[in-house]
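Report on the structure
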Amino acid sequence: MSVVLTEVLDRILTVTVNRPDKLNALNPEVMDALAAAFESARRDDAVGGVILTGAGEKAFIAGADITIFKMLTPFSARSFARRGQALMDAIETLGKPVIAAVNGFALGGGCEVALACTLRIASKNAKLGQPEVNLGVIPGYGGSQRLPRLVGKGRAFEILLTGDMISADEAHRIGLVNRIVEPADLLPASRELLKKILAKAPVAIHYVLDAVNAGLDMPFAAAEGHEATLFGLCVATEDMREGVSAFLEKRPAKFTGK
Ligand code: COA
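One key point about sheets: their strands pair by backbone hydrogen bonds, in either a parallel or an antiparallel sense. Spatial ordering of the open sheet is given by β4-β6-β8-β9, a layout of four strands whose pairing is mixed. The outermost strands of the open sheet, each flanked by one partner alone, are β4 (59–61) and β9 (166–167).

Right, let's talk about the nonpolar core for a bit. Counting residues in hydrophobic clusters, the biggest one holds 47 residues, and the most contacted among them are Leu34, Val50, Leu52, Phe60, Ile91, Leu128 and Leu176. The dominant element in this core, judged by the number of residues it contributes, is helix α1 (residues 28–43), at six residues. If sequence neighbours within four positions are ignored, Leu52 has contacts with Val15, Val17, Leu34, Phe38, Phe60, Ile91, Ile99, Ala100, Ala101, Val113 and Cys117. Ranked by size, the runner-up nonpolar core spans 14 residues in total, among them Ile99, Ala101, Leu119 and Ile121.

Applying the stated rule across the entire model yields two aromatic pairs. On the basis of an interplanar angle of 80 degrees and a centroid distance of 5.9 Å, the ring pair of Phe69 and Phe80 is categorised as edge-to-face. One end of the pair, Phe69, is in the loop between β4 and α2 (74–92); the other, Phe80, is in helix α2, with 11 residues separating them in the sequence. A relative accessible area of 24% means that Phe69 is categorised as partly exposed.

Turning our attention to the pairing of strand β5 (residues 98–102). Within a regular strand, side chains alternate between the sheet's two faces. The element β5 is extensively covered by neighbouring structure, given that five of its five residues are classed as buried. Side chains Val98, Ala100 and Val102 of β5 all project onto a buried face; the interleaved residues Ile99 and Ala101 project onto the opposite face, where all are buried too. Both strand β3 (residues 49–54) and β5 contribute to a ladder of three bridges, which runs parallel. Its bridge partner lying in β5, Ile51 is registered against Ile99. In this sheet, strand β7 (residues 119–123) lies alongside β5 in parallel orientation, the contact comprising four bridges. Bridge assignment links Ile99 to a residue of β7, and that residue is Leu119.

Turning our attention to the side chain of Thr53. Looking at the element boundaries, Thr53 is found in strand β3. Polar contacts involving the side chain of Thr53 include one to the side chain of Asn103, which spans 3.4 Å. In this structure Thr53 touches Val15, Thr16, Val17, Phe60, Ala101, Asn103 and Leu187, once residues within four positions along its chain are discounted.

What follows concerns α1. Taking 1.5 Å per residue as the helical rise, α1 with its 16 residues ought to reach 22 Å, and the 23 Å between its terminal C-alpha atoms agrees with that figure. Those residues of α1 that fall on the buried side of the exposure criterion are Val30, Met31, Leu34, Ala37, Phe38 and Ala41. End-on, the buried residues of α1 take up no more than an arc of 130 degrees, which puts them together on one face. Facing away from the buried side of α1 by over 90 degrees, the exposed positions are Glu29 and Arg43. Contacts made by the buried residues of α1 are with β1 (4–9), β2 (12–17), β3, α2 and β5.

The next subject is the site of the ligand. Neighbouring the ligand are 17 residues; Lys22, Lys58, Ala62, Ala64 and Ile66 lie closest to it. Measuring from a nitrogen atom of the ligand, one finds a backbone N or O atom of Ile66 at 2.9 Å. Within the complex, the protein chains bury 60% of what would otherwise be the 860 Å² of accessible surface of the ligand. Mapped onto the shell around the ligand, the elements with two or more residues apiece are β6 (105–107) and α4 (132–135). The residue inventory of the shell around the ligand, partitioned by class, reads 11 nonpolar, one polar and five charged.

The next subject is the sheet that holds β2. In space, the six strands of this open sheet follow the order β1-β2-β3-β5-β7-β10, with mixed pairing throughout. Each edge of the open sheet is held by one strand with a lone partner, namely β1 and β10 (179–181). Neighbouring strand axes in the sheet, compared pairwise and without regard to direction, differ in orientation by 20 degrees on average. Helix-sheet contacts for α1 involve β1, β2, β3 and β5, and the interaxial angle to β2 is about 175 degrees.

On to the domain arrangement of the protein chain, then. Segmentation of the protein chain into domains returns domain 1 (4–198) and domain 2 (202–248). Each of domain 1 and domain 2 has a C-alpha centre, and the two are 27 Å apart. Tallying the contact residues gives seven residues for domain 1 and five residues for domain 2. Carbon and sulfur atoms make up 62% of the area that domain 1 and domain 2 hide from each other, which totals about 510 Å². Considering only the surface of domain 1 that becomes buried against domain 2, Glu92, Gly95 and Ile197 emerge as the three largest contributors, covering 57% of it. Joining domain 1 to domain 2, the criterion identifies zero salt bridges. Our count for the contact surface shared by domain 1 and domain 2 stands at two residue pairs in polar contact (both at pLDDT 80 or more). Residue composition of the side of domain 1 that touches domain 2, by class: two nonpolar, two polar and three charged.

Here is what the cut-offs are and how they apply
- Residues numbered from 1 in each chain as written.
- Predicted model: local features only at pLDDT ≥ 70, side-chain atom pairs only at ≥ 80, totals over all residues.
- Heavy atoms only, no water.
- Pairing = 2+ DSSP bridges.
- Helix = DSSP H or I, 4+ residues; strand = E, 2+ residues; numbered from the N terminus.
- Core = buried A, V, L, I, M, F, W, Y, C linked by side-chain atoms within 4.5 Å.
- Buried < 20%, exposed > 50% of the residue type's maximum accessible area, 1.4 Å probe, protein only.
- Contact = heavy atoms within 4.5 Å.
- Phe/Tyr/Trp six-rings, centres within 6.5 Å; stacked < 30°, edge-to-face > 60°.
- Polar contact = N/O pair within 3.5 Å; in protein donor to acceptor, adjacent residues only side chain to side chain.
- Expected span 1.5 Å × (residues − 1).
- Arc of directions from axis to C-beta.
- Near = heavy atom within 4 Å.
- Areas by Shrake-Rupley, 256 points an atom, 1.4 Å probe, with all protein chains shown as cover.
- Nonpolar A, V, L, I, M, F, W, Y, C, P; charged D, E, K, R; others polar.
- Axes fitted to C-alpha atoms, helices over the stretch in contact; angles between N-to-C directions.
- Domains from an automatic or database assignment.
- Buried area = accessible area lost by both parts, 1.4 Å probe.
- Salt bridge = Lys/Arg side-chain N within 4 Å of Asp/Glu carboxyl O.

Take a look at the structure:
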């Protein structure tokens, strides 16, 4: 059985990390399979967006596989972190919306995977955290950077410095997850949200992702320039003419992605 399962239905690719006996911990095989799944999602026009989740009822991803840590040297640990960061960057900059369906523990590298996704929906039983300090390390897959950008510096410091797990309710309260739902509703709610996004003008969706992701790394004035360029490009699309005409004619728009 593959350590990562993929299934495409109605333009939605569902990617399931499938190591439930190890709480879906990220070993090199899982990392390779995730990288391959996201690379194929990037290239495949039949995929409009992705839902990422974990197999079983207990864990989304309980972190990097800790058994590997004993073998790391300072040099190999740097490569380990850079490789993980490259995967998180690939998820974040896929150019298509990615929803993390957080179905249980999302710890360490698992929380970092969720942070790299566009949106996060958690089941009520989910627990999130960055427990690296309990092991004598710090996050290595971008968590020390994405977490403060998402929830603010003070809240991020508390999570990163205590290593405590927080409940889905608390994660929702601080904006670490967008929504919380009953466990049975997690995948249907994720699909519904993604379908809603995929019904909008595809080029505009792509540029929203780019404007936010690229813009956050730019000085404000440059980010505004980037936004204006993307706005201009949207005006060149058939979908912009269709969206505006549909509004004026009081009918639903039919977008084609052109
Ligand atoms: N790496 C490797 N194996 C892991 C793992 C990880 N990050 N997280 C869980 N596992 C394994 C356990 O070793 C155990 O394997 P075993 O059955 O062969 O002994 C199995 O998954 C089940 O985990 P277990 O600890 O028995 O479940 P639990 O319900 O008692 O505890 C957690 C759940 C999440 C609290 C606990 O597994 C944990 O703290 N995991 C590590 C989390 C972490 O620090 N992640 C960040 C890494 S940087």
